[in-house]
Protein chains: 2
Amino acid sequence: MRPAVSDVENPLADCENTQALDRAEASCRARGASLTAIRREVLDLLYRSPTGVKAYDLLARIKEARPGASPPTVYRALDFLIDQGLAHKIGRMNLFVACRHASHQIPSLFLVCPKCSGVTELQEQSVMSALSTSLAAAGHRLESPEVEISAICPKCVGAG
Amino acid sequence: MRPAVSDVENPLADCENTQALDRAEASCRARGASLTAIRREVLDLLYRSPTGVKAYDLLARIKEARPGASPPTVYRALDFLIDQGLAHKIGRMNLFVACRHASHQIPSLFLVCPKCSGVTELQEQSVMSALSTSLAAAGHRLESPEVEISAICPKCVGAG
DNA sequence: GAATGCAATGTTATAACATTGCATTTGTAC
DNA sequence: GTACAAATGCAATGTTATAACATTGCATTC
């Protein structure tokens, strides 16, 4: 199966993550919220798992540094990050992913690969405007900026 | 909250359901599969719950007639119905719905209301073609004919 | 500097959702 | 009627998520 968390040491990526974490911290503060140590650690783990990670895998990783961590520890952090627009939940797969897009003016598509469980975030104006129009016509209103779609990823398409 | 299962007696609907069940049985047989009693009962319960129903609510209903029923009883039936294209699972809500469209040549949108958990199935050519184009451009291939979207339903939009 | 308020976290337990594995029965082809 | 596959019964377990309550740490007020 897929690794729970990116397993390659990569100092360059670490550096990018630190910057992203600092930006996230600033944007939380700007909203009067605080990216505490736990939340920052969870977000860091999400950044290191670009194709999504499960809550209990996160818990296992968090426990390495914080042996007392329990399910609520990670679920609270995840709820916070989702509230802050820093992460998304992929309902179909019970998978959590960091949001790579600074702000969600445009709703995102999440392509979930049913073969490898990988998640790709995509922003497509054309799809979203067609969607908005159809929803409005049906009397519905798009609520969440997250639309999940099962789609086989390029790697798995190739693998057959 | 919403009722687990449609609670109004309605002989007319019963009749429609019987016809739909018979059609479903025929289409299974045509594919070399068999819509057994349990599966038929589960599908019947799905038909009576147009906005979706949870697996353990189904289990409770099934147990009324079959006291020995257990989680695998309903999950196996649901898996079968999904394989046969007679039902869908809404991952975000752990909700199951009957499919109202005879065949899924066209993928369906499932509008899941985050307020009342109701599910509406919608077929929109324009959205789906925009989606197919974008996915193809990104190297992905739509796998499941089911696309779930969180959207507030007309009733809840009105309720504010 | 004690008391208060409050957000975050710790801790335990349990609810809710889903699957595995294996024994038994049923249906059906030969 | 034997043999085989499909379906079901059943118990246990695995997985995901939340409830309920206690504690900590820090800022503010008195």
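In case you missed it, the structure is sitting above this.
Quantities reported herein were computed from a predicted structural model and do not represent experimental measurements. (Residues numbered from 1 in each chain as written. Chains lettered and ligands numbered in written order. Predicted model: local features only at pLDDT ≥ 70, side-chain atom pairs only at ≥ 80, totals over all residues. Heavy atoms only, no water.)

### Points about the relation of the copies chain B and chain A
Here the second copy of the chain follows from the first by a rotation about an axis and a shift along it. For the pair chain B and chain A, the relating rotation is 179 degrees, the translation along its axis is 0.0 Å, and the fit reaches an RMSD of 0.1 Å. Both chain copies can therefore be described as sitting about a two-fold axis. Most of the interface of chain B is mirrored in chain A, where 100% of its interface residues are also at the interface. (Least-squares fit on C-alpha atoms with pLDDT ≥ 70 in both. Contact = heavy atoms within 4.5 Å.)

### Notes on the pairing of strand β4 (residues 119-122) of chain B
Residues and elements named next belong to chain B. Two strands pair when backbone bridges link them, and strand β3 (residues 108-112) and β4 are joined in this way by four bridges, in the antiparallel orientation. Along β4, the bridge assignment pairs Phe 110 with Glu 121. In textbook terms, the turn of a hairpin is the stretch between consecutive antiparallel strands, and for β3 and β4 this stretch comprises six residues, one of which, Ser 117, has a positive phi near 65 degrees. (Pairing = 2+ DSSP bridges. Helix = DSSP H or I, 4+ residues; strand = E, 2+ residues; numbered from the N terminus.)

### A closer look at the protein's contact with DNA strand C
In the vicinity of DNA strand C there are 18 residues, among which Thr 36, Ser 70 and Arg 76 of chain A together with Tyr 56 and Lys 89 of chain B approach most closely. Among the atoms of DNA strand C close to the protein, meaning within 4 Å, 47% are from sugar or phosphate groups. Measuring from a phosphate oxygen of DNA strand C, one finds a side-chain N or O atom of Arg 39 of chain A at 3.2 Å. Here Asn 94 of chain B contributes a side-chain N or O atom positioned 3.1 Å from a phosphate oxygen of DNA strand C. If you list the elements that add at least two residues to the surface near DNA strand C, you get α2 (37-47) and α4 (71-83) of chain A together with α3 (55-65) and α4 (71-83) of chain B. Here the surface near DNA strand C gets four residues from one element, more than from any other, and that element is α4 of chain B. (Near = heavy atom within 4 Å. Polar contact = N/O pair within 3.5 Å; in protein donor to acceptor, adjacent residues only side chain to side chain.)

### Quick notes on the interface of chain B and chain A
At the interface, 32 residues of chain B touch 32 residues of chain A. Broken down residue by residue, the surface that chain B buries against chain A is led by Arg 92, His 140 and Arg 141 of chain B, which jointly contribute 20%. Where chain B touches chain A, the interface holds zero salt bridges. Inspection of the chain B/chain A interface yields four residue pairs in polar contact (both at pLDDT 80 or more). Broken down by secondary-structure element, the contributors of at least two residues to the side of chain B that touches chain A are β3, β4, α5 (125-137), β5 (141-152) and α6 (154-159) of chain B. With eleven residues, the single largest contributor to the side of chain B that touches chain A is β5 of chain B. Looking at the side of chain B that touches chain A residue by residue, the classes come out as 17 nonpolar, eight polar and seven charged. (Buried area = accessible area lost by both parts, 1.4 Å probe. Salt bridge = Lys/Arg side-chain N within 4 Å of Asp/Glu carboxyl O. Nonpolar A, V, L, I, M, F, W, Y, C, P; charged D, E, K, R; others polar.)

### Brief notes about the protein's contact with DNA strand D
Lining the immediate surroundings of DNA strand D are 17 residues, of which Tyr 56, Tyr 75 and Lys 89 of chain A together with Thr 36 and Arg 76 of chain B lie closest. Atoms of DNA strand D within 4 Å of the protein: sugar and phosphate make up 51%, bases the balance. Lys 89 of chain A is positioned with one of its side-chain polar atoms (N or O) 2.4 Å from a phosphate oxygen of DNA strand D. Note that a phosphate oxygen of DNA strand D is positioned 3.1 Å from one of the side-chain N or O atoms of Arg 39 of chain B. Elements with a minimum of two residues in the surface near DNA strand D: α4 of chain A together with α2 (37-47) and α4 of chain B.

### Looking at the packing of aromatic side chains
The tally for this structure, following the rule as stated, stands at two aromatic pairs over all chains. Taking 6.4 Å as the distance between ring centres and 65 degrees as the angle between the ring planes, the aromatic pair formed by Tyr 56 of chain B and Tyr 75 of chain B counts as edge-to-face. In this pair, Tyr 56 of chain B is assigned in helix α3 and Tyr 75 of chain B in helix α4, connecting sequence segments 19 residues apart. For Tyr 56 of chain B, a relative accessible area of 52% gives the class exposed. Sitting over the ring of Phe 80 of chain A, Arg 39 of chain A keeps its end group 3.8 Å from the ring centre. (Phe/Tyr/Trp six-rings, centres within 6.5 Å; stacked < 30°, edge-to-face > 60°. Buried < 20%, exposed > 50% of the residue type's maximum accessible area, 1.4 Å probe, protein only. Lys NZ or Arg CZ within 6 Å of the ring centre and 35° of its normal.)

### Description of the state of the cysteines
According to the stated counting rule, one finds zero disulfides over all chains in the structure shown. Left without a disulfide partner, Cys 99 of chain A is nearest to the cysteine sulfur of Cys 28 of chain A, which lies 12 Å away. (Disulfide = S-S within 2.5 Å.)

### Considerations on the packing of α3 of chain B against α4 of chain B
All names here are of chain B. For the pair α3 and α4, the least separation of the axes is 9 Å and the interaxial angle reads 115 degrees. Relative to α4, the element α3 lies roughly perpendicular. Every pair of crossing elements has a handedness; the one defined by α3 and α4 is right-handed. Here α3 contributes Ala 55, Tyr 56, Leu 58, Leu 59 and Ile 62 to the contact with α4, which in turn contributes Pro 71, Val 74, Tyr 75 and Leu 78. Of the residues that constitute the contact of α3 with α4, the class distribution is nine nonpolar, no polar and no charged. (Axes fitted to C-alpha atoms, helices over the stretch in contact; angles between N-to-C directions. Parallel < 35°, antiparallel > 145°, perpendicular 65-115°, else oblique. Left-handed = near helix turned anticlockwise from the far one by under 90°.)

Interpretation in functional terms is not warranted from these geometric data alone.
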